[in-house]
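Given next are the chains, with one letter for each unit.
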Amino acid sequence: MTEKIDEILHPFLQDIGKDIGYVNHTKRMLAYALELENLDQEQIEKFIIALAFHDLGIWTEKSFDYLRPSISLAETYLNEHNLNPYKDEIIQMIDEHHKLSPITNSDLAELFRKVDMIDVYWGLITFGISKDKIREIKQKYPNNGFHLTLLKWFSKRLLSKPWSPMPMLKW
């Protein structure tokens, strides 16, 4: 399944550059999702597409205000692959993945929010996944500087727009 993530992200590897940790971030998220839920093939396909694009705007736009650019990239992909019926759910997964409160109108978007939280907080929040399983997933898909990259982007944003250091957060 992770091959599909690689396939989708391949055209963007030049944008991602040395911050290749993003690819493993998406793969850890998929592994956490499959630990938490028994997803069907269509749900997995939607999830993988949302995973590939959810933070990609950081690199393509070189900005920490990346939700809209990430959504635009996903919309282009969906249009090019005749997957428009997936559009609303994938947009919601991307747009609300940093929502601080639970998402109540989409189980898939809520799962996406949870697994991103597991990975961003480096397993301090588990939503029931064992610490051993989280450690195993992190060993299989190493960080490769992903969290350091996020810290750099946050610091840059904090210095340039201290009134809005984390524009992706939603209540």
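Our structure is the block above this text.
In what follows, the accompanying structure is described. (Residues numbered from 1 in each chain as written. Predicted model: local features only at pLDDT ≥ 70, side-chain atom pairs only at ≥ 80, totals over all residues. Heavy atoms only, no water.)

1. Topic: the overall build of the protein chain
Helix and strand counts for the protein chain come out as 10 helices and 0 strands. In the protein chain, the succession of helices and strands from N to C terminus is α-α-α-α-α-α-α-α-α-α. Computed over C-alpha atoms, the radius of gyration of the protein chain comes to 15 Å, within 12% of the 16 Å expected from 2.2 N^0.38 for 171 residues, which places it in the range of a compact globule. Referenced to the eigenvectors of the C-alpha coordinate spread, the extents of the protein chain come out at roughly 45 × 40 × 30 Å. Looking at the protein chain residue by residue over its 171 residues, the buried ones come to 50%. Positive and negative side-chain charges in the protein chain, numbering 21 and 25 respectively, have mean positions lying 7 Å apart. (Helix = DSSP H or I, 4+ residues; strand = E, 2+ residues; numbered from the N terminus. Rg over C-alpha atoms; globule rule 2.2 N^0.38 Å. Buried < 20%, exposed > 50% of the residue type's maximum accessible area, 1.4 Å probe, protein only. Lys, Arg positive; Asp, Glu negative; His and termini not counted. Charge placed at Lys NZ, Arg CZ, Asp CG, Glu CD.)

2. Things to note about helix 1 (residues 2–9)
Within the sequence span of helix 1, burial applies to Thr2, Ile5, Ile8 and Leu9. Summarising the axial view, the buried residues of helix 1 lie within an arc of 115°, below the 170-degree limit, and thus occupy one face. Facing away from the buried side of helix 1 by over 90 degrees, the exposed positions are Glu3 and Glu7. In this fold, the buried residues of helix 1 make contact with helix 2 (13–16), helix 3 (21–36), helix 4 (41–53) and helix 6 (67–80). (Arc of directions from axis to C-beta. Contact = heavy atoms within 4.5 Å.)

3. A look at the packing of aromatic side chains
Under the counting rule described, the total for this entry stands at 6 aromatic pairs. Between Phe12 and Phe53, the ring centres sit 6.0 Å apart and the planes meet at 85°, which makes this aromatic pair edge-to-face. Remark: Phe53 occurs in helix 4 and Phe12 occurs in the loop between helix 1 and helix 2; sequence separation between them is 41 residues. Grouping residues by exposure puts Phe12 and Phe53 together as buried. Aromatic pair Phe47 and Phe112: ring centres 5.1 Å apart, planes at 65°, arrangement edge-to-face. (Phe/Tyr/Trp six-rings, centres within 6.5 Å; stacked < 30°, edge-to-face > 60°.)

4. Focus on the packing of helix 4 against helix 8 (residues 107–120)
Contact geometry for helix 4 and helix 8: axes closest at 11 Å, N-to-C directions at 45°. For the element pair helix 4 / helix 8, the angle class is oblique. The handedness of the crossing between helix 4 and helix 8 is right-handed. Residues Gln43, Lys46, Phe47, Ala50 and Leu51 of helix 4 form the contact with helix 8, whose participating residues are Leu108, Leu111, Phe112 and Val115. Of the residues contributing to the contact of helix 4 with helix 8, the split by class is 7 nonpolar, 1 polar and 1 charged. (Axes fitted to C-alpha atoms, helices over the stretch in contact; angles between N-to-C directions. Parallel < 35°, antiparallel > 145°, perpendicular 65-115°, else oblique. Left-handed = near helix turned anticlockwise from the far one by under 90°. Nonpolar A, V, L, I, M, F, W, Y, C, P; charged D, E, K, R; others polar.)

5. A few points about the nonpolar core
Leu9, Phe47, Ile49, Phe53, Leu56, Ile90 and Met93 are the most contacted members of the largest nonpolar core, which totals 53 residues. Residue contributions to this core peak at 8 residues, all from helix 4. Setting aside anything within four residues of it in sequence, one finds Phe53 in contact with Ile8, Phe12, Tyr22, Ser70, Leu73, Ala74, Tyr77 and Ile94. (Core = buried A, V, L, I, M, F, W, Y, C linked by side-chain atoms within 4.5 Å.)

6. Some points on helix 4
For helix 4, with 13 residues, the first-to-last C-alpha span of 19 Å sits near the 18 Å given by 1.5 Å per residue. Of all the positions in helix 4, only Ile44, Lys46, Phe47, Ile48, Ile49, Ala50, Leu51, Ala52 and Phe53 are classed as buried. N-capping of helix 4 is provided by Asp40, with a side-chain oxygen placed 3.1 Å from the backbone N of Glu42. (Expected span 1.5 Å × (residues − 1). Polar contact = N/O pair within 3.5 Å; in protein donor to acceptor, adjacent residues only side chain to side chain.)

7. Re the layout of surface pockets
Where empty space is left can be seen by rolling a probe of water-molecule size over the atoms. Size it by volume and the largest pocket reaches roughly 370 Å³. Looking at the largest pocket, it is lined by 20 residues, and the ones nearest its centre are His98, Val120, Tyr121, Met166 and Leu169. For the lining of the largest pocket, a count of residues per class yields 13 nonpolar, 3 polar and 4 charged. (1 Å grid on protein atoms, 1.4 Å probe; cavity = no way out; pocket = protein on both sides within 12 Å on 5 of 7 lines; lining within 4 Å. Points joined across faces, edges and corners; volume = space filled by probe spheres on them.)

In short, geometric facts, not functional conclusions.
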